[in-house]
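Spelled out, the chains give:
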Amino acid sequence: TESDFAVTIEELLTLFGWRWIHSRPARTLDGWRTALSGAPGWPDYFCVQSGKIVVIELKSDDGELEPEQYFWLCDLVEAGLDCYLFQPKDEIEMMVEVLR
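Keep in mind that what you see is a predicted model, and the values were worked out from it rather than measured. (Residues numbered from 1 in each chain as written. Predicted model: local features only at pLDDT ≥ 70, side-chain atom pairs only at ≥ 80, totals over all residues. Heavy atoms only, no water.)

A look at the overall build of the protein
Part 1 of the argument: Check the secondary structure of the protein and you find three helices and six strands.
Part 2 of the argument: Reading the protein from its N terminus to its C terminus gives the helix and strand order α-β-β-β-β-β-α-β-α.
Part 3 of the argument: Expected size for 100 residues packed as a compact globule is a radius of gyration near 13 Å; at 14 Å, the protein falls within 12% of this value.
Part 4 of the argument: Dimensions along the principal axes, computed over C-alpha positions, put the protein at roughly 40 × 30 × 25 Å.
Part 5 of the argument: Within the protein, the fraction of its 100 residues that count as buried is 32%.
Part 6 of the argument: In the protein, the proportion of contacts linking residues at least 24 apart, taken out of those at least 6 apart, comes to 62%.
Part 7 of the argument: Split by element, the accessible area of the protein, about 6,700 Å² in all, is 54% carbon and sulfur.
Part 8 of the argument: In the protein, which carries 8 positive and 19 negative side-chain charges, the distance between the mean positions of the two groups comes to 6 Å. (Helix = DSSP H or I, 4+ residues; strand = E, 2+ residues; numbered from the N terminus. Rg over C-alpha atoms; globule rule 2.2 N^0.38 Å. Buried < 20%, exposed > 50% of the residue type's maximum accessible area, 1.4 Å probe, protein only. Contact = heavy atoms within 4.5 Å. Areas by Shrake-Rupley, 256 points an atom, 1.4 Å probe, with all protein chains shown as cover. Lys, Arg positive; Asp, Glu negative; His and termini not counted. Charge placed at Lys NZ, Arg CZ, Asp CG, Glu CD.)

Describing unusual backbone geometry
Part 1 of the argument: The backbone of S50 sits at a positive phi, close to 45°, despite the residue not being glycine.
Part 2 of the argument: Position of S50 among the secondary structure elements: in the loop between β4 (45-49) and β5 (52-58).
Part 3 of the argument: Here S50 falls in the exposed class, since its relative accessible area comes to 78%.

Considering the environment of V96
Part 1 of the argument: Structurally, V96 is set in helix α3 (residues 92-99).
Part 2 of the argument: Distance from V96 to E10, taken between C-alpha atoms, is 12 Å for residues 86 residues apart in sequence.
Part 3 of the argument: Excluding anything up to four places from it in sequence, V96 contacts L12 and F16.

Some remarks on helix α2 (residues 67-78)
Part 1 of the argument: Compared with the 16 Å implied by 1.5 Å per residue over twelve residues, the 16 Å span of α2 between its first and last C-alpha is a close match.
Part 2 of the argument: Buried within α2 we find Q69, L73 and L76. Buried residues along α2 cover an arc of 65° about the axis, so they all sit on one side. When the buried face of α2 is taken as reference, the exposed residues oriented beyond 90 degrees from it are F71 and E78.
Part 3 of the argument: Buried residues along α2 sit against β5 and β6 (82-86).
Part 4 of the argument: With its phi angle positive at about 100°, G80 sits one or two positions after the end of α2. (Expected span 1.5 Å × (residues − 1). Arc of directions from axis to C-beta.)

None of the figures reported here should be taken as evidence of function without further support.
This is the structure we're talking about:
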């Protein structure tokens, strides 16, 4: 699942010394919600290490970006940030290379 995959990513981020933040959704009477204000679609992980910023969106193997998520990633790339979409089917070596 995406939540199981998130544990792996968090372990890699911690192992390689990244400072990172991830806002976790909570279940409400209206479904799943993440307590953030502003434009919807903010990426899952914002990570900083030694002057480098990496932004990561996670999806399950059959998950797809919502339009709002896509536009956030495009705008962040245009602003000069390194942004990635990681899925469990991706090669772990590629993720390690990005985060090392």
